[in-house]
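Spelled out, the chains give:
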Amino acid sequence: MAPSPAAASPSLSLHQTPHFHHQTSLITWLKPPPSSGLFRRKTLPISAASSSSSTSLSITDKPTSHFHGNLIDTFETHHPTTKGATFIEEPLERNELSSRRRLFTQDPPWISALFLKGLTRTVDQTLKLEKKDIDKRKFDSLRRRQVKEETEAWERMVDEYRELEKEMCEKSLAPNLPYVKHMFLGWFQPLRDVIEREQRLQKSKSKKVRAAYAPHIELLPADKMAVIVMHKMMGLVMSGHEDGCIQVVQAAVSIGIAIEHEVRIHNFLKRTRKNNAGDSQEEVKDKQLLRKRVNSLIRRKRIIDALKVVKSEGIKPWGRATQAKLGSRLLELLMETAYVQPPLTQSGDSIPEVRPAFRHKFKTVTKYPGSKMVRRYGVIECDSLLLAGLDKSAKHMLIPYVPMLVPPKRWKGYDKGGYLFLPSYIMRTHGSKKQQDALKDISSKTAHRVFEALDTLGNTKWRVNRKILDVVERLWADGGNIAGLVNREDVPIPEKPLSEDPEEIQTWKWSVRKAKKINRERHSLRCDVELKLSVARKMKDEEGFYYPHNLDFRGRAYPMHPHLNHLSSDLCRGTLEFAEGRPLGKSGLYWLKIHLANLYAGGVEKLSHDGRLAFVENHLDDIIDSAENAVHGKRWWLKAEDPFQCLAACVILAQALKSPSPHSVISNLPIHQDGSCNGLQHYAALGRDSFEAAAVNLVAGDKPADVYSEISLRVHEIMKKDSSKDPESNPTAALAKILINQVDRKLVKQTVMTSVYGVTYVGAREQIKRRLEEKGVITDERMLFAAACYSAKVTLAALGEIFEAARAIMSWLGDCAKIIASDNHPVRWTTPLGLPVVQPYCRSERHLIRTSLQVLALQREGNTVDVRKQRTAFPPNFVHSLDGTHMMMTAVACREAGLNFAGVHDSYWTHACDVDTMNRILREKFVELYSSPILEDLLQSFQESYPTLVFPPVPKRGDFDLKEVLKSQYFFN
């Protein structure tokens, strides 16, 4: 006999089980009336189940969510005796009505279905709320860490030196420390003591005789000031020394700026911490109210409002003169107290040699080689012993403006956005007051699209690719000099020859200079690698981080963190990936292969897409070997132009190829789509010239057009023609014969690429000279120089022949700029997104200030514009503002389409599965941008701003149809 439906699954009284307490509103109608009193549980045999009460919950039915399964498991665990039984409720007897047993009839199946559906929905809502609560707690924790990172970095460094000092005193020996920290520990106490002494001395003086820096030197504790001075000075030595020297004005101002920033944070924290003993009741009350107000704003995520409170209570900007005077005095104190000691190689009786780590001296340099005009300036010279081990200790330096653990503040104005507490400005104006004023005057409504684009770029979440970082660390530990890493060893300095022959001595001096130059470059590059790796090591265990972005004065976006970012070298790009992973999908696997071929380069990137796919298919064994055994395998990835990025692509592709479902493999790798000579693409769109548009892939083709190859062919034709001329009447004939077999795509590429950005003849000559040096065919210096001069002239001539319309627009822009600048006005324009741009090229004025160290000459923006710079810089700056506009328009549209997006000027990045969508968007935005009359609008703005000036008409346009761009697969590829 078949069991009844009820018998197949035990019934469960809904109001009795604690799992359903949160469902009160849904099931109240199922409960017995309150008058039925208290209930006790009875177990009935299965045979009685057909007449049992309570709504039935079938255990054999497939649960509608994971929660239901857990609920049933819990029920059976707590009530093992109920397997195959049904619960009923029997009231305790209190009156006549409650004395008889009450049974509830079996509900129809649709009731159970409705109940489960409602239960699932409610449980899902509960889980979402719980997840939201967890996410909020996690975010709050990260935000607290970020605030500490920005406000307490120097404080932690001070505490570290105090602890080391204490340990040294207790154990009577120096702790085992890295080179740079060992030096800092030796300098810390003496420098702190002399700063304290200076603070007391200045405080004891009357206002009339106090030094100019006196009010500012006492604004921070001496120990914190000492740490800032040491770290800032050594940071400058690592990143920018020339022959072991740092300009005094650069060092003084950098230290002054760092002190000012820390004073602002220190004052805020001091005001909002616990009350000081000497505070009056009114001051205590004010502090409590301020602290309460700021904490309340931070809790409600109103960080900008909290910062407004800080700024309203803060100090006025110091200015360059104040920063330089304070910085100079602190530099002087550092030189008095910082010493280095060579390793003890002397006998035990001799006195150990101790010498100053820094010396102040003056350098005299000529304005240019052979010139009689000289310039004299003060420098801080570093001891050679101090430089010797510095590049190995860069990782121990404090790095400000590290990537953020939480999304940056939204941009809402010139200084409103970016980091939570560190000073952040929307544009890098380099002191141009005219540009600052233009930005401060714009409203959020006018520039909201620019703000929105920067917020989009800043909200892209990144993480460290640990596999690639591990490979980098191993190669770096083995000495570098591979995969683009600098050699960790110096070039040996040649020994002086025994001969007195003047030519040999001259050759030796030249080789010594060259070796020292190479070693200086290597030292700087080693410090740079160490700084990048130190940030990667610090961030590698983070789930993700963010890069606040701001703009240069032309409107191009840059991450504010300077070291490990995606705009930097192959090392940085290879060790970074999106924090969010997405399945490859069918199109993603296709684009991953194209991306790998592009990174390998060497001419592969100029093949058609099918050609690039065939290249990857032919090297699958190499790709898998690279992914599985990067360091000790065949090392195929090292042949790539971008080796670390190529290796990262190999790893993902190998995972996909080995997976039974390649399309479902999760990828965090950014896939790049790069413009084809993007500057010329913008000029071609402005001029609508069909021939130029086709040359830079604005028109669809079977394979990508290569403008660099076109130019190199034209250069070769010109040189071939010149080589047939008589060398006696035509001196270039001999040079043409030497160069004719050296002309290739690489020789002209950089000059062609930078021509649209205003490269001069001198710049082109230097670019081509470097390429000729790399070839090594011409070794004589004079011949090399002459060959570079000739090649530069021919290359620029060939460029002018092929890109005639682009040259006409460049000339028109330059002419307009010259007319404006000749009237002593800087060139101004507004980008299509509403960003005001002011060219900052003015003749600088020297402002002399007397400091305790020397008289410093500070440069300030003058009132006279530099006509030549305004004219030559306007065409490239205008095009840069347009490519920045295109990137920002694409960024916002990609965000609205649900894509992760990152941009590097003319290189757009997203997940592999989203490349097709991004490609469609970037083409649509390019067409949208150039469908507006950009040059006509520019001319109208000039005429309205300068009504008394007369401007030439806009160059005539061609008949190219912009919508062709939508069909060009190699426009960005």
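Refer to the structure above for everything that follows.
Residues numbered from 1 in each chain as written. Predicted model: local features only at pLDDT ≥ 70, side-chain atom pairs only at ≥ 80, totals over all residues. Heavy atoms only, no water.

Further remarks concern the sheet that holds strand β18 (residues 671-674). Taken together, 3 strands build an open sheet; the order of strands is β18-β24-β23 and the sheet is antiparallel. Bordering the open sheet on either side are β18 and β23 (902-904), each of which pairs with just one other strand. Going from strand to strand, the sheet's axes swing by 25 degrees on average, the running direction of each strand aside. (Pairing = 2+ DSSP bridges. Helix = DSSP H or I, 4+ residues; strand = E, 2+ residues; numbered from the N terminus. Axes fitted to C-alpha atoms, helices over the stretch in contact; angles between N-to-C directions.)

Before going further, it helps to examine the environment of Val 512. Mapped onto the fold, Val 512 is located in helix α18 (residues 502-539). Here the alpha-carbon distance between Val 512 and Ile 493, two residues 19 residues apart in the chain, equals 6.0 Å. What Val 512 contacts, discounting residues up to four positions off in sequence, is Ile 493 and Pro 494. (Contact = heavy atoms within 4.5 Å.)

Moving on, we get to a positive patch on the surface. The grouping of Lys 818, Arg 843, Arg 868, Lys 869 and Arg 871 at the surface amounts to a positive patch. Among the elements that line the positive patch, the one with the most residues is helix α32 (residues 867-896), at 3 residues. Turning to its location among the elements, Arg 871 is positioned in helix α32. Taking the relative accessible area as the measure of exposure, Arg 871 reaches 34% and is therefore partly exposed. (Patch = residues over 30% accessible without salt bridge, like charges linked within 9 Å, V, L, I, M, F, W, Y side chains within 5 Å. Areas by Shrake-Rupley, 256 points an atom, 1.4 Å probe, with all protein chains shown as cover. Salt bridge = Lys/Arg side-chain N within 4 Å of Asp/Glu carboxyl O. Lys, Arg positive; Asp, Glu negative; His and termini not counted. Charge placed at Lys NZ, Arg CZ, Asp CG, Glu CD. Buried < 20%, exposed > 50% of the residue type's maximum accessible area, 1.4 Å probe, protein only.)

The phi torsion of most residues other than glycine is negative, and most of the peptide bonds are trans. The phi torsion at Arg 688 lies on the positive side, around 55 degrees, for a residue other than glycine. With respect to the secondary-structure elements, Arg 688 resides in the loop between α24 (678-687) and α25 (690-695).

Time to look at the sheet that holds strand β12 (residues 545-546). A sheet is described by the order of its strands in space; here 3 strands give the open sequence β12-β11-β15, paired in antiparallel fashion. The strands lining the two open edges of the sheet, one partner per strand, are β12 and β15 (576-578). Direction of pairing for strand β11 (residues 461-464) relative to β15: antiparallel, over a ladder of 3 bridges. Within β15, the residue paired with Trp 462 across the bridge is Phe 578.

Now for helix α33 (residues 915-930). Over its 16 residues, α33 extends 23 Å from the first C-alpha to the last, a length consistent with the 22 Å expected when each residue adds 1.5 Å. Val 915, Met 918, Asn 919, Ile 921, Leu 922, Arg 923, Phe 926, Val 927, Leu 929 and Tyr 930 are the residues of α33 that are buried. Each element contacted by the buried residues of α33 is listed here: α20 (585-600), β18, α24, α32, β24 (907-910) and α34 (934-945). (Expected span 1.5 Å × (residues − 1).)

Bringing the nonpolar core into the picture now. Burial of nonpolar side chains together is a common tendency in soluble globular proteins. Counting residues in each nonpolar core, the largest one holds 108 residues, and the members touching the most others are Leu 698, Ile 711 and Phe 803. When residues of this core are assigned to their parent elements, the largest contribution, 11 residues, is made by α32. Ignoring any residue separated from it by four or fewer positions in sequence, one finds Ile 711 in contact with Val 748, Val 752, Thr 795, Ala 798, Leu 799, Ile 802 and Phe 803. If you look at the next biggest cluster of nonpolar residues, it comprises 62 residues, including Val 535, Cys 646, Val 904 and Ala 912. (Core = buried A, V, L, I, M, F, W, Y, C linked by side-chain atoms within 4.5 Å.)

To describe two helices that pack against each other, one gives the angle between their axes and the distance between the axes. At a minimum axis separation of 12 Å, helix α31 (residues 804-822) and α34 run at an interaxial angle of 10 degrees. The angle between α31 and α34 places the two elements in the roughly parallel class. Of α34, the residues touching α31 (which contributes Ile 809, Trp 812, Leu 813, Cys 816 and Ile 820) are Leu 935, Leu 938, Leu 939 and Phe 942. Per-class residue counts for the contact of α31 with α34 are 9 nonpolar, no polar and no charged. (Parallel < 35°, antiparallel > 145°, perpendicular 65-115°, else oblique. Nonpolar A, V, L, I, M, F, W, Y, C, P; charged D, E, K, R; others polar.)

With respect to the secondary-structure elements, Glu 332 resides in helix α13 (residues 320-337). Judged by relative accessible area, which is 19%, Glu 332 ranks as buried. Setting aside chain neighbours within four positions, we find Glu 332 in contact with Ser 852 and Leu 853.

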